[in-house]
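One-letter residues, chain by chain:
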Amino acid sequence: RIAAMVDLWSRRADHVTAGCDWVDYQTRWDTLMLAHFSIDPDALRKGLEPQLREYEAAPNDDARPLRVVHASNHQMVKGTAALRRAVENLRQEGCPIELIEFYRTDHETVLREMALADVVADQFVVGWYAMFCLEALSLGKPVLCYLRRDLIDLYTYAGLVEPGEIPILNTDVSSIESRLRELSRDRSQLRAVGSAGLSYVRKHHSTEAVGRVFDGINRSLGLEPRNAPNHG
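None of the values given here were measured: they were computed from a predicted structure.

Chemist: Is there a simple way to explain unusual backbone geometry in this structure?
Modeler: Note on backbone geometry: most residues besides glycine have negative phi, and most peptide bonds are trans. Even without a glycine there, the phi angle at C20 is positive, about 50 degrees. Topologically, C20 is positioned in the loop between β1 (17-18) and β2 (31-32). C20 gets classed as buried once you look at its relative accessible area, which sits at 3%. Located in the positive-phi region is R104, a residue other than glycine, with phi close to 55 degrees. Tracing the chain through its elements places R104 in the loop between β4 (97-102) and α6 (107-115).

Right under this line is the structure:
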């Protein structure tokens, strides 16, 4: 039934957008995007100013546990079990690390903890990023997330991103442990890695950036904004 509906929508839609790893399941598209997800990063940061200030004021001490935040919904496709194993192995080595998991937790609590985190672990199986990752990047956090090479090549070839532009630490299930070990041993790179995230979100996923794409789509279909001047 799902396949039939996708086929119907693909054939009958006036305009088809595609993005993320969804291109695997679409027969065509008119507009290709990195993802249709949009976010207001400045509003997000403003609402979390107390937590962000608290994190910035904390000493960058290699002896304290590295705080890793992970939302463990959809555990199979996120690789949660592999993340847990990696953290446990590092603890057995004596590596100071703390895994904070959220499952069916209210959004505000997750965001507050994310603002206090050193690292955000997104997913290690799917092959692309979504809203959880964008929230973390907006907060200037280093994000561990698996990005498929073929999808990176697709979006780079399409001119949607520059080579090497995506500020995500590309991590699959086999490299979680080594990536976290490296970040724990060299805390100085945490803020340097995370600093590029906010600029990336503003450029590609802000409400203004995504709004421009859909404004262009609407205009191509003859749909003008309400009360917009008629330019003939």
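Text resumes after the structure shown.
Chemist: Where do I start with the environment of D186 in this structure?
Modeler: By the secondary structure assignment, D186 is in the loop between α9 (176-185) and α10 (188-204). On the basis of relative accessible area, D186 is assigned to the partly exposed category, the value being 34%. In sequence terms D186 and N60 are 126 residues apart; their C-alpha atoms lie 9.9 Å from each other. There is a polar contact of 2.4 Å between the side chain of D186 and the side chain of S188.

Chemist: What exactly am I supposed to notice about the pairing of strand β3 (residues 66-71) here?
Modeler: Within a regular beta strand, the side chains point alternately toward one face of the sheet and then the other, so they alternate between its two faces. Among the six residues that make up β3, five are buried, leaving the element largely enclosed by the rest of the structure. Relative to β4, β3 runs parallel, the two being bridged by six bridges. The partner of A71 across the bridge, within β4, is F102.

Chemist: Help me understand the packing of aromatic side chains in this model?
Modeler: The geometry of an aromatic ring pair is captured by the separation of the ring centres together with the interplanar angle, meaning the angle of the planes. Within the structure shown, the criterion is met by four aromatic pairs. Seen from their ring centres, W22 and F37 are 5.9 Å apart, and the 65 degrees between their planes marks the pair as edge-to-face. Placement of the pair is W22 in the loop between β1 and β2 and F37 in the loop between β2 and α2 (41-47), with a sequence separation of 15 residues. Residues W128 and Y129 carry aromatic rings whose centres are separated by 5.2 Å and whose planes lie at 25 degrees to one another, so their mutual orientation is stacked. Each member of the pair, W128 as well as Y129, carries the same accessibility label: buried. Clustering of aromatic rings is evident, with ring pairs tying together W128, Y129, Y155 and Y200.

Chemist: Would you mind going over the sheet that holds β3 with me for this structure?
Modeler: Strand pairing within a sheet occurs via backbone hydrogen bonds; the two strands may be parallel or antiparallel. Taking strand neighbours across the sheet as the criterion, the five strands line up as β4-β3-β5-β6-β7 in an open arrangement whose pairing is parallel. Each edge of the open sheet is held by one strand with a lone partner, namely β4 and β7 (169-170).

Chemist: Explanation requested: the nonpolar core in the structure shown.
Modeler: It is characteristic of soluble globular proteins that their nonpolar side chains tend to be buried jointly. Grouped together as the largest cluster of nonpolar side chains are 40 residues, with contacts concentrated most on W128, Y129, L137, L147, Y155, I166 and I168. Those elements giving two or more residues to this core turn out to be β3, β4, α6, α7 (131-138), β6 (143-145), α8 (149-157) and α10. A total of five residues in this core trace back to one element, the largest contributor, which is α7. In contact with L147, other than residues within four places in its own chain, are G127, W128, Y129, I152, I166, I168 and N170. Counting residues in hydrophobic clusters, the runner-up holds 20 residues, among them Y55, C95, F124 and L190.

Each value, and the rule that gives it
- Residues numbered from 1 in each chain as written.
- Predicted model: local features only at pLDDT ≥ 70, side-chain atom pairs only at ≥ 80, totals over all residues.
- Heavy atoms only, no water.
- Helix = DSSP H or I, 4+ residues; strand = E, 2+ residues; numbered from the N terminus.
- Buried < 20%, exposed > 50% of the residue type's maximum accessible area, 1.4 Å probe, protein only.
- Polar contact = N/O pair within 3.5 Å; in protein donor to acceptor, adjacent residues only side chain to side chain.
- Pairing = 2+ DSSP bridges.
- Phe/Tyr/Trp six-rings, centres within 6.5 Å; stacked < 30°, edge-to-face > 60°.
- Core = buried A, V, L, I, M, F, W, Y, C linked by side-chain atoms within 4.5 Å.
- Contact = heavy atoms within 4.5 Å.

No statement about biological role is implied by the geometric values presented.
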